[in-house]
Amino acid sequence: MGQNDKSRKKQIRKNQITSPHSPSSHNFTQHISSYSLSMSTASKITLGASIAFATGAFIFINYSQQSERAALRQGPIKDAERQQAKLQKTQKQQANELEHREQEEMKRKFAALQPLSGEIIRGEPEGGNAK
């Protein structure tokens, strides 16, 4: 073994000792590039599916929160509409009661002018012949 072989062995040992996590290491960049190229197809599909699922879940959750907030904002508006409708119904009932009182008043006035006897008056049968 010559001087050349010794220096080569030292260089190999030096490369083995150097950490692949050291940024100054040339092996680190080779390790990363070989890792991404050496991923199996199943790993790539799994990674892609995981990213797609996470993105879909994020979008769905944001959409559902926005729709829930919109529904919560509509609550007080719908309550106000219901109360307004109830108030209008009450006003209509009051108008009906007022009209009923007026009708009762008119009935009393007409009964005083023309008393009702409870007798039913029937017209004469047609043809003038009474049986």
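Since the structure is predicted, the reported quantities are computational estimates derived from the model, not experimental observations. (Residues numbered from 1 in each chain as written. Predicted model: local features only at pLDDT ≥ 70, side-chain atom pairs only at ≥ 80, totals over all residues. Heavy atoms only, no water.)

**Here we look at the confidence of the model for the chain**
Short version of the rule: By definition, pLDDT measures how confident the predictor is in each residue, and it falls between 0 and 100. Numbering of helices and strands starts at the N terminus; helices are DSSP runs of H or I of at least 4 residues and strands are runs of E of at least 2.
Put simply, the chain has an average pLDDT of 79, and 72% of its residues get 70 or more. Least confident of the elements in the chain is helix α2 (residues 26-38), whose mean pLDDT is 61; most confident is helix α3 (residues 41-113), at 91.

**Section: the UniProt feature "transmembrane region" (unreviewed entry) in the chain**
The condition that has to hold: UniProt positions are given in the numbering used here, feature names are shortened, and annotations may be inferred rather than shown by experiment.
Mapped onto the present numbering, the UniProt feature "transmembrane region" (unreviewed entry) falls on residues 45-63. Annotation note: span residues 45-63, helix share 100%, strand share 0%, distance between end C-alpha atoms 27 Å.

**Some details on the pattern of salt bridges**
To keep it simple, the criterion reads: For this document, the term salt bridge refers to a Lys or Arg side-chain nitrogen within 4 Å of an Asp or Glu carboxyl oxygen. Classification of residues uses two cut-offs on accessible area relative to the type maximum, computed with a 1.4 Å probe and protein chains only: under 20% is buried, over 50% is exposed, and between them is partly exposed.
Scanning the entire structure with this criterion turns up 3 salt bridges. Arg82 is the partner of Asp79 in a salt bridge, and the nearest nitrogen-oxygen pair spans 2.7 Å. Within this pair, Asp79 and its partner Arg82 are both found in helix α3, separated by 3 residues, close to a single helical turn. Classification of Arg82 as exposed rests on a relative accessible area of 54%. Taking the shortest distance from any N to any O, the salt bridge between Arg108 and Glu105 comes out at 3.6 Å. You can see Arg108 and its partner Glu105 sitting in helix α3, 3 residues apart, about one turn around the helix. On the basis of relative accessibility, which here comes to 53%, the residue Arg108 falls in the exposed class.

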